[in-house]
Amino acid sequence: MADPDPLLAEAISLREALSWIKDKNMSNVYVESDSQLLISAIRSDFEDSSYFGLIVNECKSLASGLVGCHFNFIRRSGNQVAHALARAASSCFGLEVWESVPPSFISDVLAVDFGF
């Protein structure tokens, strides 16, 4: 079995998130990633025919259908919420969705992130 490609996993995760955002009719969305390569690819006009490039093109297509979708690179040290969620996801069974109230295990991290 091949080693998983972290960049491809980031791109697939972004595609799924953008699809969910579109389904919820959200607008003025800020997407942050600690993958500078992914954010650069999303912002680029370069056509990449690799599997990664095809996923990026799907992301661009989904984002173009959203009102106010912005992509930002954020250093891993500033992306503590994502890491708290990833740690929790590794121990979750099944699908969990939090739409309005964040789970308690990231409330403290969010408070620090927003300066509360």
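One structure accompanies this document, and this report is about it. (Residues numbered from 1 in each chain as written. Predicted model: local features only at pLDDT ≥ 70, side-chain atom pairs only at ≥ 80, totals over all residues. Heavy atoms only, no water.)

The next subject is the overall build of the protein chain. A tally of regular secondary structure across the protein chain gives five helices and two strands. Element order for the protein chain, N to C, with α for helix and β for strand: α-β-α-α-β-α-α. Principal axes of the C-alpha set define a box for the protein chain whose edges measure 40 × 40 × 30 Å. Looking at the 116 residues of the protein chain, the share that counts as buried comes to 28%. Taking all contacts inside the protein chain whose residues are at least 6 apart in sequence as the whole, residues at least 24 apart take part in 71%. With the model as given, the accessible surface of the protein chain reaches about 8200 Å², and the carbon-plus-sulfur share is 56%. Between the averaged position of the 8 positive side-chain charges in the protein chain and that of its 15 negative side-chain charges there is a distance of 3 Å. (Helix = DSSP H or I, 4+ residues; strand = E, 2+ residues; numbered from the N terminus. Buried < 20%, exposed > 50% of the residue type's maximum accessible area, 1.4 Å probe, protein only. Contact = heavy atoms within 4.5 Å. Areas by Shrake-Rupley, 256 points an atom, 1.4 Å probe, with all protein chains shown as cover. Lys, Arg positive; Asp, Glu negative; His and termini not counted. Charge placed at Lys NZ, Arg CZ, Asp CG, Glu CD.)

Next up on the list: the layout of surface pockets. Here the largest pocket defines a volume of roughly 2000 Å³. Those elements that provide at least two residues to the lining of the largest pocket are helix 1 (6–23), strand 1 (29–33), helix 2 (36–43), helix 4 (80–89) and helix 5 (104–113). Top element by residues in the lining of the largest pocket is helix 1. It accounts for nine residues. Here the lining of the largest pocket is composed, by residue class, of 27 nonpolar, eight polar and eight charged. (1 Å grid on protein atoms, 1.4 Å probe; cavity = no way out; pocket = protein on both sides within 12 Å on 5 of 7 lines; lining within 4 Å. Points joined across faces, edges and corners; volume = space filled by probe spheres on them. Nonpolar A, V, L, I, M, F, W, Y, C, P; charged D, E, K, R; others polar.)

Enumeration over the complete set of coordinates arrives at two salt bridges. The partner of Arg 15 in a salt bridge is Glu 16, with the nearest N and O atoms 3.4 Å apart. What makes Arg 15 buried here is its relative accessible area of 17%. Take Glu 16: its relative accessible area is 45%, and that puts it in the partly exposed class. Taking the shortest distance from any N to any O, the salt bridge between Arg 15 and Glu 58 comes out at 3.1 Å. Remark: Glu 58 occurs in helix 3 (residues 51–64) and Arg 15 occurs in helix 1; sequence separation between them is 43 residues. Judged by relative accessible area, which is 37%, Glu 58 ranks as partly exposed. By sharing partners, the salt bridges in this structure join Arg 15, Glu 16 and Glu 58 into a single network. (Salt bridge = Lys/Arg side-chain N within 4 Å of Asp/Glu carboxyl O.)

Counting residues in hydrophobic clusters, the biggest one holds 20 residues, and the most contacted among them are Leu 14, Leu 18 and Phe 71. Mapped onto this core, the elements with two or more residues apiece are helix 1, strand 1, helix 2, helix 3 and strand 2 (69–73). Sequence-distant contacts of Phe 71, that is, excluding residues within four places in its chain, are made with Leu 14, Leu 18, Val 31, Ile 39, Ile 42, Arg 43 and Ala 63. (Core = buried A, V, L, I, M, F, W, Y, C linked by side-chain atoms within 4.5 Å.)

It is worth spelling out the side chain of Ser 33 at this point. With respect to the element layout, Ser 33 can be found in strand 1. Excluding anything up to four places from it in sequence, Ser 33 contacts Glu 10, Leu 38, Ile 39, Asn 72, Phe 73, Ile 74 and Asn 79.

If you check the backbone angles, Asn 25 has positive phi at about 55 degrees while not being a glycine. Tracing the chain through its elements places Asn 25 in the loop between helix 1 and strand 1. Judged by relative accessible area, which is 69%, Asn 25 ranks as exposed. Here Asn 28, not a glycine, exhibits a phi torsion of approximately 50 degrees, which is positive. Inspection of the secondary structure puts Asn 28 in the loop between helix 1 and strand 1.

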